[in-house]
Amino acid sequence: MAHDKTTDALGTPADHDGQKEMAASEPAGGSVRDRASGTHSPHDWDERARQCERDATMYPDEVVEALIDAAEAWKNAGNFTRAEATIRRVLAEHSGDDAVELAWPMLIEVWLAAGKDEQARDELARLSASRPSVAASTFTAELLEAHGDYETALEWAERAVIGWAGSMAGAVERMSRDPGPFAVMMSGVGIRAGLRASLGYEPDELDRLTSRARDAFAQQLDALAASHARSGPKEVRGLFWPRGALEEVARRWPTLVPAEVVESGRYWTDLEAQYTAVAAEARTTRVTIVPADPDALAALALEEKLPVEDNDLRWRHREAQRARKLAISWPPPRNGPCWCGSARKYKKCCGNPAIR
Ligand SMILES: [Zn+2]
């Protein structure tokens, strides 16, 4: 069959009947639908906490983030003792890691949830005196906002903005090399503007700048969408290997997933960037992604007597997985489970601009 070639970051797939196919990855142990549902019982959170702890063992580069997510899941499960113990473990064992500073705001969050308001206030005061980073300040503003304390949240959002402003020297050069901190700063400015609006303040210059920047960005996206509306596909479907299957796929079919892709750890970050680019390019497009299943793909290949490298075969596998209601709408909610199957929140996993 003829394909309009739209190769993805991994050199895999192509267009098929007007639907761009993106890449192939794997399914995790649990049901993707359960993970995508968004509402969770204490039992679900308990499961998630255990999954995050397994992730912490499996992904040494992300051990601190995974343990902080585990602590959050224990907190949501109502197990405050275990949540606190997990944070204490991060602080004791990973003090050299940059992400460890996020453990302190998480400890505050656990205490607030546990009703230990006095301890939380003491810790906030201590954190405040310790010259926290922009990321820690932004995180603290977010948690206080979620807790309904807009006044204090705003103080922390201000601190984040001031912290960023204080490090503006050489900022443009740094941003072009590493846009992650810039995204954190933008999110801090956005949180500040939202808090000020919630508290009924008149918009100040920075709020207006934020909304102007948002409007300008939206206009650019509208223009892009208009230029693509005439020819662009309405739905883009991607096939991906979830976290639980990638290593196995690389062993079975190195032509589909080369070992270096697994080693570099860039598989999901590349896909996330690709989905983001596709969505920005054609704003009206719905991005639907489908977890692939190595055994099901192998069975289909056997049945059709085709190699797994065959794009049409993988397209049919994707549609079969879709028929099994495994498709996920991308992007997932920020606070929902990540699409990649990590059992972490999207905003703290593939949706975290700092790790893209
Ligand atoms: Zn993820």
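See the structure shown above.
Residues numbered from 1 in each chain as written. Predicted model: local features only at pLDDT ≥ 70, side-chain atom pairs only at ≥ 80, totals over all residues. Heavy atoms only, no water.

Looking at the coordination of the zinc ion
Part 1: Only Cys 338 (SG), Cys 340 (SG), Cys 349 (SG) and Cys 350 (SG) from the protein coordinate the zinc ion, and they sit 2.3 to 2.4 Å from it.
Part 2: Each of the four donor atoms around the zinc ion contributes to a set of angles spanning 104 to 115°, which defines the coordination as tetrahedral.
Part 3: For the zinc ion, all donor residues lie on one chain, and their spacing in sequence is C-x1-C-x8-C-C. In this pair, Cys 338 is assigned in the segment after strand 5 (328-330) and Cys 350 in the segment after strand 5, connecting sequence segments twelve residues apart. The same class applies to Cys 338 as to Cys 350, namely buried. (Donors = N, O, S within 2.8 Å, 3.2 Å for Na, K, Ca; no water. Tetrahedral: all angles 85-135°; square planar, octahedral: opposite > 155°, others 65-115°. Helix = DSSP H or I, 4+ residues; strand = E, 2+ residues; numbered from the N terminus. Buried < 20%, exposed > 50% of the residue type's maximum accessible area, 1.4 Å probe, protein only.)

Concerning the pairing of strand 4 (residues 286-291)
Part 1: Judged by how many residues are buried, strand 4 sits mostly within the fold: five of six residues are covered.
Part 2: Pairing analysis gives six bridges linking strand 3 (residues 235-240) to strand 4, with the strands arranged parallel. Residue pairing in the sheet places Val 236 in a bridge with Val 287 of strand 4.
Part 3: Summarising the sheet, strand 4 and strand 5 pair through three bridges and their orientation is antiparallel. In the strand pairing of strand 5, Val 287 is matched with Trp 330. (Pairing = 2+ DSSP bridges.)

Quick word on the state of the cysteines
Part 1: Summed over the entire model, instances satisfying the criterion amount to zero disulfides.
Part 2: Cys 52 takes part in no disulfide bond, and the closest cysteine sulfur, belonging to Cys 349, lies 9.3 Å away. (Disulfide = S-S within 2.5 Å.)

Digging into unusual backbone geometry
Note on backbone geometry: most residues besides glycine have negative phi, and most peptide bonds are trans.
Part 1: At the junction of Trp 330 and Pro 331, the peptide bond is cis and its omega measures out at -5° in the coordinates.
Part 2: Along the chain, Pro 331 turns up in the segment after strand 5.
Part 3: Despite not being glycine, Arg 131 has its phi angle at roughly 50°, a positive value.
Part 4: Classification of Arg 131 as exposed rests on a relative accessible area of 76%.
Part 5: For Lys 305, which is not a glycine, the phi torsion comes out positive at approximately 50°.

As far as function goes, none of this settles anything; it's purely spatial.
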